[in-house]
Amino acid sequence: MSQIIDGKMVAESMKSAIAQEVNELIASGKRPPHLVAILVGENGASETYVANKVKSCGELGFASTLLRFDPTITEAELLKAVQDVNDNPEMDGLIVQLPLPNHINPDRVMETIHPSKDVDGFHPINIGRMAKGLPAYISATPQGVLDLLAYYNIETAGKHCVVVGRSQIVGLPMSILMQRNHPQGNCTVTLTHSRTANLEEMCQQADILIAALGKPEFIKAAHIKPGAVVIDVGLTRIVDTSKKSGFALKGDVDFEEVAPLCSNITPVPKGVGPMTIVSLMKNTLLAAKGVIYPKN
Ligand code: NAP
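Quick rundown of the overall build of the protein chain? Include the residues and the values.
A count of helices and strands for the protein chain gives 10 helices and 11 strands. Relative to the compact-globule value of 19 Å for 296 residues, the protein chain shows a C-alpha radius of gyration of 19 Å, a close match. In terms of overall dimensions, the protein chain has a C-alpha envelope of 50 × 40 × 35 Å along the principal axes. A buried classification covers 49% of the 296 residues belonging to the protein chain. Sequence separation of at least 24 residues holds for 70% of the intrachain contacts in the protein chain that already meet a minimum separation of 6.

With reference to specific residues and values, describe the site of the ligand.
Surveying the vicinity of the ligand reveals 21 residues, the closest of which are R166, S167, S194, L235 and T276. R166 is positioned such that a nitrogen or oxygen atom in its side chain is 2.7 Å from an oxygen atom of the ligand. One of the backbone nitrogen or oxygen atoms of H193 is found 3.5 Å away from a nitrogen atom of the ligand. Contact with the protein chains removes 71% of the 930 Å² of surface that the ligand exposes when unbound. Among the residues making up the shell around the ligand, the classes are represented as nine nonpolar, 10 polar and two charged.

Provide a residue-level description of the packing of aromatic side chains, including the pertinent values.
In this description, a pair of aromatic rings is defined by centroid distance and the angle of the planes. Per the counting criterion, the structure on display carries two aromatic pairs. With a centroid separation of 5.9 Å and 40° between ring planes, the pair formed by Y137 and Y293 is classed as tilted. Taken together, the residues Y137 in the loop between α5 (124-132) and α6 (140-151) and Y293 in the segment after α10 (273-289) connect sequence positions 156 residues apart. Each member of the pair, Y137 together with Y293, is buried.

Pulling in residues and values, what's your account of the layout of surface pockets?
It is the rolling of a water-molecule-sized probe over the atoms that shows where space remains empty. Looking at the largest pocket, its volume works out to about 1600 Å³. Along the wall of the largest pocket there are 44 residues; nearest its centre are Y49, L235, G273, T276 and I277. Of all the secondary structure elements, the ones that give two or more residues to the lining of the largest pocket are α1 (7-27), α2 (44-60), β4 (93-96), α6, β9 (236-239), β10 (247-250) and α10. It is α2 that provides the largest number of residues to the lining of the largest pocket, a total of eight residues. Of the residues assigned to the lining of the largest pocket, the class counts are 22 nonpolar, 13 polar and nine charged. When residues of the lining of the largest pocket are sorted by domain, at least three fall in each of domain 1 (18-131 + 276-289) and domain 2 (140-269).

Any chance you could break down the sheet that holds strand β3 (residues 63-69) for me, citing the residues and the numbers?
With parallel pairing, three strands are arranged side by side in an open sheet as β3-β2-β4. Since the sheet does not close on itself, it has two edges, and those belong to β3 and β4, each with one partner. Across the sheet, the mean angle from the axis of one strand to that of its neighbour is 15°, orientation sign disregarded. In this structure, strand β2 (residues 34-40) lies alongside β3, joined through seven bridges in parallel fashion. Within β3, the position partnered with A37 by the bridge is L66. Across the face of the sheet, helix α3 (residues 75-87) comes into contact with β2, β3 and β4 while running at roughly 175° to β2.

Parameters and conventions
- Residues numbered from 1 in each chain as written.
- Predicted model: local features only at pLDDT ≥ 70, side-chain atom pairs only at ≥ 80, totals over all residues.
- Heavy atoms only, no water.
- Helix = DSSP H or I, 4+ residues; strand = E, 2+ residues; numbered from the N terminus.
- Rg over C-alpha atoms; globule rule 2.2 N^0.38 Å.
- Buried < 20%, exposed > 50% of the residue type's maximum accessible area, 1.4 Å probe, protein only.
- Contact = heavy atoms within 4.5 Å.
- Near = heavy atom within 4 Å.
- Polar contact = N/O pair within 3.5 Å; in protein donor to acceptor, adjacent residues only side chain to side chain.
- Areas by Shrake-Rupley, 256 points an atom, 1.4 Å probe, with all protein chains shown as cover.
- Nonpolar A, V, L, I, M, F, W, Y, C, P; charged D, E, K, R; others polar.
- Phe/Tyr/Trp six-rings, centres within 6.5 Å; stacked < 30°, edge-to-face > 60°.
- 1 Å grid on protein atoms, 1.4 Å probe; cavity = no way out; pocket = protein on both sides within 12 Å on 5 of 7 lines; lining within 4 Å.
- Points joined across faces, edges and corners; volume = space filled by probe spheres on them.
- Domains from an automatic or database assignment.
- Pairing = 2+ DSSP bridges.
- Axes fitted to C-alpha atoms, helices over the stretch in contact; angles between N-to-C directions.

The following block contains the structure:
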């Protein structure tokens, strides 16, 4: 039976370390890290994600500001709000919750966030710096996966890593990170997507399989090389009337089928999910300390 990678436990231990650093900052006379979240409109899932981020700020001793805007806000008005945060030296990190209303170009918004405050790591400068191996904010979910691999001492060098999904926020950065010359890198990487031919055969060659396609329980036993490490990034809400909430969370991997075959596997929930918020907090702490982009 495989080892279950306990993301909840790792996230809790990282949160304690971050809270400790925040205490030390404050004890040395500095202000706490300050994260700003922009939320446009009233998308239920976005509300939950942002509320969880604000809650984490409170738990770790960070300051937070939630800027809410009506869905009728113009793009120019939103860009001005972003610029105001850029210009405010008391605000360290800014996230703009996606999706945005259709009349607003998300790329323009992301590119307006100053790279030094882009703690989501979505700005092209941070993505480019990451690709070059320069200090950069790395997007939260891929960073969380790297931290899990590190925590469990999973050897990556020389392994074949297959990433399923090429999104800008998960699959693409994940593939770049896994090939870097880095303790959690040096893999030979195959990046797959919905147009990949023979996906099953590709996955069968993976020593490390990272599923980020958003299709519940898509990865079956037939995709798995015995002994592989399987990281399930997927998170889809499925109607489940037996639950109080009315839904259950499913990953992209059929856990029951796959777990007996692999060496390590992340469950859903309590796998990659809890790591994502911690990574965002870690980036905000780095921003407050001026580690990636030194403060003036
Ligand atoms: P996304 O933007 O929808 O991208 C999905 C990717 O999967 C696309 O590249 C798509 O290919 C590919 N794909 C879709 N169907 C496929 C198939 N049948 N075979 C191979 N590739 C296929 O999704 P995302 O934002 O990356 O998120 C992926 C999953 O991770 C979702 O379940 C999401 O909820 C979850 N997620 C979890 C966290 C967390 O904190 N745990 C964070 C972010 C996302 P094309 O490019 O060809 O369309």
